[in-house]
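# Close look at the chain arrangement
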Amino acid sequence: MMRCGLKGGGRVASWGGDRRSPAVNPSSSVRMPAGGGGGCCSGLRSRASDVAGLEMASLRGGVGGLFRSSPRYGRLQATAAGASRVDPEDIPLEKVQVKSSGHVLPYVGVACLGAILFGYHLGVVNGALEHLAKDLGIAENAVLQGWVVSTSLAGATVGSFTGGSLADKFGRTRTFILDAVPLALGAFLSATAQDIRTMIIGRLLAGIGIGISSALVPLYISEISPTEIRGTLGSVNQLFICIGILAALLAGLPLAANPSWWRTMFGIAVVPSILLAVGMAFSPESPRWLFQQGKVIQAESAVKRLYGKEKVTEVMYDLRASGQSSSEPEAGWFDLFSKRYWKVVSVGAALFLFQQLAGINAVVYYSTSVFRSAGIASDVAASALVGAANVFGTMIASSLMDKQGRKSLLITSFSGMGASMLLLALSFTWKALAPYSGTLAVVGTVLYVLSFALGAGPVPALLLPEIFASRIRAKAVALSLGMHWVSNFFIGLYFLSVVNKFGISTVYLGFASVCALAVLYIAGNVVETKGRSLEEIERELSVVD
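Residues numbered from 1 in each chain as written. Predicted model: local features only at pLDDT ≥ 70, side-chain atom pairs only at ≥ 80, totals over all residues. Heavy atoms only, no water.

Named according to an unreviewed UniProt entry, the chain is Major facilitator superfamily (MFS) profile domain-containing protein originating from Digitaria exilis. You can read under Subcellular location (unreviewed entry) in the UniProt record for the chain the words "Membrane". Recorded in UniProt under Sequence similarities (unreviewed entry), the annotation for the chain is "Belongs to the major facilitator superfamily. Sugar transporter (TC 2.A.1.1) family." (UniProt positions renumbered as here; feature names shortened; annotations may be inferred.)

Written out as structure tokens, the structure reads:
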């Protein structure tokens, strides 16, 4: 049986053979046939936003068919909140297997405006910092400049924790619309700031906005994507974060000729924020959230818009079979730490901790000095090389996500990252390699970022909404991403001190060890989810109290 760290934590419900049948909504009855069944620090501050963008795995063919049909399913007689419009006795298999005529991609594209804003708000401060510091009178105050950069990370931490509760209470699309407010207002205040206080408030609001979107974008994409291409579409999130960072880099090009251009750079972000709100006003709500709320008619309408009317019977059948319309109350934060959910929630938190502790901060922070040692003096060129490696790796990951699987990519990714860290450590210490140290360091850096983009970057944000039960999905994703932001903050805070005390080579070896531990942990605890509907995964990982 596939597992996700659920040993000794109760019974695992699963379809098939001699396994136990899943718990189903008490108001439903299911009848089945027998047998059914992841050396200097001068570039530290300027690279911080690049790091956060790279770390987010933050993106997870044809758009035909949401769920795999299965002859194992028998008849289902169910009601959700007293309403039902589908009689599963009338489900012919040939109807279940029909291709979808719906259109998911436009709505994924609207959601990815949140990912673009994520990357843009993190990256825009890089080129603008020097010029805004002069205009706001803080050119000689490194502490306040640091606040301008790091305030967005603090806001993102707050936003990531609140995003889950908002998504559960108001729904996914309405939370996107609410999220557009701090994103747009933060951009406007930053663009019009006449003093440092207003700038910091603007950056804080923008940070809250990107924190909410960091949890909401992968959650929404995962819940509306067809099973067959859910991994590919989920990976788009990471790709659009990279596009947002690249857009911020390009937006800074006119600064050399016009130092006041930094205000326009911040103001540009208002436009996609408004487009996000308008687009989500016309986008369908997640059918899974609607069904969980007992809004069956609205869920059927959303399914029809997303996948076509011919898929309504199949999708609604699968939702009822998963027991998502149960009478259980909405999950609270403390429920995430209960025996029923903690094992799977701990996997989500661990993936993001491994992502942070595996050294992405170190590689990006040191990329400028590494490239300069190889004769590449331009910071823009260094950013371009790192960004190109990240985009290329993400594109490869997108094409392989639904073929090789999430778990396989995570193991490959952390293995490549560990090998790259060893190469970087040796390039700094092994005297025999001294004549080639600059070249080897660049190769190690590019290979590390490429490996990161193959799995450790995009997969966690995709995998988490897949393995979490619908009742806890939004809050569990928010908790895991909160761990991401908290660990990101503390690593950035203490990284320089650790390097100064132990040396960069020793630190790189430590990161290589973390990568090795990550491979062992993933191999033993992470479940493969490719080609399986969210409902199938939920049944497989359900722990009965």
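When you go through the chain residue by residue, the secondary structure sums to 21 helices and four strands. By residue count, 58% of the 545 residues in the chain fall in the buried class. (Helix = DSSP H or I, 4+ residues; strand = E, 2+ residues; numbered from the N terminus. Buried < 20%, exposed > 50% of the residue type's maximum accessible area, 1.4 Å probe, protein only.)

Before going further, it helps to examine the environment of Thr-151. With respect to the helices and strands, the residue Thr-151 is situated in helix 4 (residues 142–170). Thr-151 sits 49 residues away from Ile-200 along the chain, and the two C-alpha atoms are 6.7 Å apart.

All told, the structure shown has eight salt bridges when counted by the stated rule. Taking the shortest distance from any N to any O, the salt bridge between Glu-130 and Lys-134 comes out at 3.9 Å. Taken together, the residues span about one helical turn, with Glu-130 and Lys-134 both in helix 3 (residues 105–135) at a distance of four residues. Accessibility expressed as a relative area gives 54% for Lys-134, which makes it exposed. In this structure, Arg-172 engages Asp-168 in a salt bridge whose closest nitrogen and oxygen atoms are separated by 3.5 Å. Of the two residues, Arg-172 and Asp-168, neither departs from the other in class, the shared state being buried. Salt bridges here are not isolated pairs; linked through shared partners, they connect Asp-168, Arg-172, Glu-223, Arg-473 and Lys-475. (Salt bridge = Lys/Arg side-chain N within 4 Å of Asp/Glu carboxyl O.)

With that settled, consider the packing of aromatic side chains. One pass over the full model with this rule turns up five aromatic pairs. Relative to Tyr-521, the ring of Phe-354 has its centre 5.5 Å away and its plane inclined at 50 degrees; by these criteria the two rings are tilted. With Phe-354 in helix 13 (residues 342–357) and Tyr-521 in helix 20 (residues 504–525), the pair connects residues that are 167 residues apart, well separated along the chain. The class for Phe-354 is buried, based on a relative accessible area of 16%. The aromatic ring of Phe-170 is capped on one face by Lys-169, whose charged end is 5.8 Å from the ring centroid. (Phe/Tyr/Trp six-rings, centres within 6.5 Å; stacked < 30°, edge-to-face > 60°. Lys NZ or Arg CZ within 6 Å of the ring centre and 35° of its normal.)

Grouped burial of nonpolar side chains is what soluble globular proteins tend to show. If you look at the biggest cluster of nonpolar residues, it comprises 70 residues, and the most contacted ones within it are Leu-132 and Met-199. Among the elements that line this core, the one with the most residues is helix 3, at 17 residues. The contacts of Leu-132, once residues within four sequence positions are left out, are Val-148, Met-199, Trp-262 and Phe-266. If you look at the next biggest cluster of nonpolar residues, it comprises 64 residues, including Phe-352, Val-363, Leu-409 and Tyr-448. (Core = buried A, V, L, I, M, F, W, Y, C linked by side-chain atoms within 4.5 Å. Contact = heavy atoms within 4.5 Å.)

Confidence along the chain averages 76 in pLDDT terms, with 75% of residues attaining 70 or more. The low-confidence segment residues 1–97, where pLDDT is below 50, has 294 contacts with residues more than four positions distant or belonging to other chains. (pLDDT = per-residue confidence, 0-100.)

What follows covers the packing of helix 4 against helix 6 (residues 196–224). Helix 6 packs onto helix 4 with a crossing angle of 40 degrees between their chain directions and a minimal axis gap of 6 Å. Classed by the angle they form, the pair helix 4 and helix 6 counts as oblique. Considering only the axes of helix 4 and helix 6, their crossing is right-handed. (Axes fitted to C-alpha atoms, helices over the stretch in contact; angles between N-to-C directions. Parallel < 35°, antiparallel > 145°, perpendicular 65-115°, else oblique. Left-handed = near helix turned anticlockwise from the far one by under 90°.)

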